Structures are given as C-alpha cells and as structure tokens.
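Coordinates in review
Listed below, chain by chain, are the residues.
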Amino acid sequence: MSNATYESLCEEVRTASATNDAHALVGLADELRALDTPQSLAKAEGALALGSQLRGDYANAYEQYQRAITMYRAINDIAGEADATLQMANVNYRVGNASEARANYAKSLALFEQLGDRTGIARATGNIANLLCDSGDYSSAATYYQHALSEYEISNDASGIARITYNVGSMHYRVGNYSSALEHYYNALEHYGLVHDTAGTPNVLGSIGNVFWRIGNDAEALKFYHQALCLHEDRTDRSAMASVTGNIGNVYAKANDYGLALEYYERALALHMEMGEVASTARVTGNIVATLIAFGRLAEARTLLRTMDEMTIDDPSTIIAREQSRALLQEADKDLDGAITTLLAALDLARKNRLSLHQAELHRCLRDIALTSNDFASYVVHNNEFSRLTEESSGKDTALKISMLERKRELDARDKEHAKYLAVLYATLPKSVAIRVAQGETIHDSYDDAAILFLDIVDFTTNSSALEASAIVQLLQSVFSTFDERCSQSGITKIKTNGDGYMAAAFPSDSHITRLASAATAMMSSAFTWPHSGQAVTFRIGLHIGPVTAGVIGTERLQYDVWGDTVNVASRMESTGEPGRIHVSDTFADALRSAPYHNFTLTERGTIDVKGKGAMKTYWLEGGQVIDNAPASASEQAPVEGVRNS
C-alpha cells in the first residue's frame, strides 16, 4: 500500500498532466481514492477525466468532469471546480459543442477571477478567444488574446506566452496574412523551446507546414508536417496525429495525387471519428468529398456529401468547403445556375467571416463557371477579385516578407551561436586575447621581457587525502577565485591552473614587473585554512622574467598558454623555494631594482643548483608594494607584443 500523502499525489497529478501521461493519471486516481477523503475523491475523479480526455474518450471524460465539479462544489473547493469546468469546456470544444464550451469557459473564468488566479484567468480567456476566432469574430478574439497574453506575461509563464502567440499566429493564418502568421509561429516555437515543451512544439511545426503549403512550397510543408507527426506519435497524441495526417493529405490533393491524398484523409478521418471530434470529422469528410470529385468518383462524393448535410457544423471554413463540393457536383450535373447560387451563398459567408483564402477560391470557381457560360461581365468581376485576393495573400509581397523572415531567422540563429561562442571565449581567455580570436585572428605572439609567476599549495597531496572531494573542490575554488581577483587588481593575466598550481604572466609595459611582484605578495598574504585541521594553507611562489612565446591552443576547449625557457625557470623558482616565501631569479631581482614606483624588499638567498640551468644566484621577495605615485594600470593589461604573427 502506498504511503503517499494527498499533497504528494497532487504534485504527481500536476506532473502527469503537464506531460499528458494518461496512464499515470489513472494509477494516481486509484491512489487518491484509497485515501478516501472528500478532497482526494474529487481529485481522483478529475484525474480520471483528464486521462479519458487525453485518450480521446470524450464521452467518459465529460461525465467524469461533471462528477468532479459536483464533488468540488460540495467541499467548496473553488480552484478544483474552476479547473474541472475549464477542462470540461475543452471537451465540449473538441466535440464541436461550441455554445456549451463558451458557457463553461465563462464559468471557469469567473471562478478564476474570484480566486485571483492569473494563470487560470489567462487559460480561460485564451480559450474564449479561440472560440471567437473559430466563429470569425477576429476583432473580439484579438482583444481576448491580448488579455490572456498580458496575464501570462505578468505570471512569467513561458508556455502560456507561447500558446497565445501560436493562437494569434493561427488567427493571422485564417485571414491569409501568412507572413505575420509565420512570424508568430516562430516566436511561439522559441518560447516553447525555452521550457522544453514537448506538447506545444509539434503543434507549431505543423502550423508552419500549413503556411508553406499555402504559399506553394510543398516540399517545405511536408518536411514540417513529418517532423510534427513524429513528435505527436512519440507522445501518442491521436488527435494531433489525425490533424497532421489530414494536412499531409492536403499536400497530395493539391499535387493531384488523389490516391495518396485519399489514403491520408481516410487515416485522419478514422482517428477523428474514433475520438468523437465532430468538427474535425466534418472538415476531413469535406476534403474527401472534394478529392473524390477531382478523382471522378462522383457517386461516392454525393453519398458522402449527404452524410455531411446530416452533421451539425459550426465552423465557417468547413461549411464553405462543403458548399464548394456541392457546387462542383451541381456543375457535373450541368446545373450551372444552382452552382452559382451555392457559391454566392458561400462567398457571402466567407466575407462575413473575413476568410480571404476562401473568398479567393470562391471567386475562382465563379470565374470558371462564367467562362463556361460565356458570361464575360461576370468573368471580369470574379477574375479581378480572385487576382486581388491571391496577390494579397500569396503574391510577391507576401513571398518576399516570408523570404525575409526566413533570412532573419537564419541570421538570428547565427547571432545566437556567435554570442555563445563569444561567451565561451570571454570565459576561457583573457579579454584582450578573446577579442582578437573573435575577430578571426590566429594568436601567436612573442615577448622579449615577460614576467612569469608560478604558485603551488604546500603539502596539498597530504592534506587533501584527509578531505572529501567536495571539500577539496570548494577550497580550490575559494583559493583560485581569490587569486584571479588579485591578478585583475594588479593588471596581470592568469594563464592557467594545473591541479594545485597556478600560473600568471605580466606582459611588457612600463610597470609589468612591479605589478607581478604586487600580485605575488597579495597572493602570499591571502589567508586560507585546511577544513580538517584548521591550520593555515601555505604557498610557494616563483618569479622569473625573460623572452616567451604565447598563443591560443585547442579547438573545442581553447586555452591561452605561454612557453619558453623563461617559463621553465619560473617553475624551478617555485619548486626550489620554501613554504610561505616568494623565490625570484637574479634576472627578476635586477629588473625589479631598476623599476620605479615601488618599495619591494629583496633578500639574497645565495647560489643554488637549478635543474637544467646549473648554479644560479636567487633572492627572496620579502614584501613591499607599488607606491602611490605609480601610474594607474587598467584592470586587465592588454599584452604588448614584441612580434605578432597572425
């Protein structure tokens, strides 16, 4: 028996709802019922209803939502009632019951407003906008969409913003404004990508396919349709699968491949009918009728048209498509007057609903009949209107806008990739070097007089063996972050870290020697303790000056590095030094003595044997600082090249 609490089960229901996991919702409903409280029983009924809805079982979903609403009201759970009412509206919307869906949405909106639930208000308002859009009331729909978008923006809900942006794009698509539709679709796609929304993304891809189909780019349309279909199949979203499958049929019908078109239409029709989606069933049936007529199978088309006449159809686009098919059959029967009457009635409906695409198509049909009947005056009128509407929706201007939009998307994508590239450069390379790399330069520099610093943590291996890995990482992070800051303050360049070692360089300038000495003394005076013992962390530092070569190496993981004998000697100064002391070569000591504006103290150590160099006189840098009247240096000194090879 599960030990899950009501709160934890509610959280799991939210997760399953967000991922459209119908199977999980049914299992969670059983666990909620087992708790046997009024709240858990109501929640269980709502979870079952959503599971049925996701599976396309709208009849059961409707009854379950009704029971859930009754149970929520009994315990005065306004939030639960509001959500269940909105979901029941979605079911009504799916099965084509627009009037009841509108009433449900209005009721849920009132409940969400009572709660002050901005996300709920946005959801209900956006769905009301969808209904208004379906009825052709685009002005009111736009007002509701804007209200919903504002609520989502206040709530910082990226998925909600994407959803409304997508719906506004669909509204532009319905009236033939393809460039605006595509722009909204791409914006929605970007927002869905930000939240990795696997439900919204395929819907947008399918709609982008619709735009390309309308402007005659069938290859691009099929590409987007198949991308969308694969994603819908991964999620087992049967309703969405049906819609995209029907749209693929449209592409083949337009290309006069009627056999393949019918194959896809019939697949889509079976899915829509299985789920009881009346409006979608009517739409695909209309497409099949039109295809049968084009295929010359008139008897089958007449039978199917009678079936459509028995359907309750509210969507103006579907009604117009049905009447176009009726007119085609009337033409086939030589009833030209009847066909004209049918088409003019459909044209009136298209005008009332501002469906410019349908208006253009109806004018084309009327023009062709006028040509057949030698009605020259009517031919001119309808041809002019057909040309005007076609030019507005899919003419050169629209094609140019869409081409420009596609180009802008390509450039924006490049800009984003370049921004990521620059971010990596600035995070891994010194700023002055990163700028040169970003400009396409190959970095290969030579310096005659660079000052090099090596630092090592004393007894690191011994002490770190007594620590957890997380403690070691935290200590190194603290130490090296502090040293990075010291470098920045002194205007020198961090080169790299290597285990517990740290390397930096000061490239030639009027004060690079004193700046490196200043950074070294600041690092040595930094206070850190070992977590397990409380003892102070100590360092060894070595400094040397001389000629070096510097450059950027790597491709995936870029690194600015410095090479040469000077680097080796600086490393030897560190390794032959003593804990808590700064060990410098005689060359560095001589250069520091000659440098102005400082009071650093040097103490001779004597002559030591340095591997690979033999006997060398070395010094301890005991302390001191750059004095106040020294010239100010930048926060990061740009390297000054002796010789640059690009």
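All figures in this text were calculated on a predicted structure; none of them were measured in a lab. (Residues numbered from 1 in each chain as written. Predicted model: local features only at pLDDT ≥ 70, side-chain atom pairs only at ≥ 80, totals over all residues. Heavy atoms only, no water.)

With that settled, the discussion passes to the overall build of the protein. Looking only at helices and strands, the protein has 27 helices and 9 strands in total. Summarising its shape, the C-alpha atoms of the protein cover approximately 115 × 70 × 45 Å along the three principal directions. Relative to its full complement of 646 residues, the protein shows a buried share of 48%. Across the protein, the fraction of contacts at a sequence separation of at least 24, relative to all contacts at a separation of at least 6, is 60%. Accessible surface, the protein as shown: approximately 30400 Å² in total, 50% of it carbon and sulfur. Averaged over its 56 positive side-chain charges, the protein has a centre that lies 2 Å from the centre of its 81 negative ones. (Helix = DSSP H or I, 4+ residues; strand = E, 2+ residues; numbered from the N terminus. Buried < 20%, exposed > 50% of the residue type's maximum accessible area, 1.4 Å probe, protein only. Contact = heavy atoms within 4.5 Å. Areas by Shrake-Rupley, 256 points an atom, 1.4 Å probe, with all protein chains shown as cover. Lys, Arg positive; Asp, Glu negative; His and termini not counted. Charge placed at Lys NZ, Arg CZ, Asp CG, Glu CD.)

Taken as a whole and assessed by the stated rule, the structure comprises 29 salt bridges. With its nearest N and O atoms 2.7 Å apart, the salt bridge here joins Arg593 to Asp590. Placement of both Arg593 and Asp590 in helix α27 (residues 586-594) is noted, with a separation of 3 residues, approximately one turn of the helix. (Salt bridge = Lys/Arg side-chain N within 4 Å of Asp/Glu carboxyl O.)

This paragraph deals with helix α10 (residues 178-194). With 17 residues, α10 ought to run about 24 Å at 1.5 Å a step, and its terminal C-alpha atoms sit 24 Å apart, in line with that. If you check which residues of α10 are buried, you get Tyr178, Ser179, Ser180, Ala181, Leu182, Tyr185, Tyr186, Ala188, Leu189 and Tyr192. (Expected span 1.5 Å × (residues − 1).)

Turning our eyes to something else, we now look at the nonpolar core. Tyr65, Tyr185, Val204, Ile208 and Ile248 are the most contacted members of the largest nonpolar core, which totals 73 residues. Formed by 41 residues, the second largest nonpolar core is a distinct cluster that contains Phe480, Cys487, Ile582 and Phe600. (Core = buried A, V, L, I, M, F, W, Y, C linked by side-chain atoms within 4.5 Å.)

Here the focus is the confidence of the model for the protein. For residues with low pLDDT, the predicted coordinates do not support detailed interpretation. Residue-level pLDDT values for the protein average 86, and 91% of them are 70 or greater. Looking over the protein, one finds the lowest element-wise mean pLDDT in strand β9 (residues 643-644), namely 33, and the highest in strand β6 (residues 582-585), namely 96. Counting interchain partners and residues more than four positions distant, the pLDDT-below-50 stretch residues 630-646 has 40 contacts. (pLDDT = per-residue confidence, 0-100.)

In total, this model carries 14 aromatic pairs according to the counting rule given. Aromatic pair Tyr258 and Phe295: ring centres 5.7 Å apart, planes at 45°, arrangement tilted. Here Phe295 lies in helix α15 (residues 278-295) and Tyr258 lies in helix α14 (residues 258-274), a separation of 37 residues in the sequence. On the basis of relative accessibility, which here comes to 39%, the residue Phe295 falls in the partly exposed class. With 6.4 Å between their ring centres and 50° between their planes, Phe480 and Phe483 make a pair best called tilted. Of this pair, Phe480 and Phe483 both sit in helix α24 (residues 469-490), 3 residues apart, which is roughly one turn of the helix. Overall, Phe480 belongs to the buried group, its relative accessible area being 10%. (Phe/Tyr/Trp six-rings, centres within 6.5 Å; stacked < 30°, edge-to-face > 60°.)

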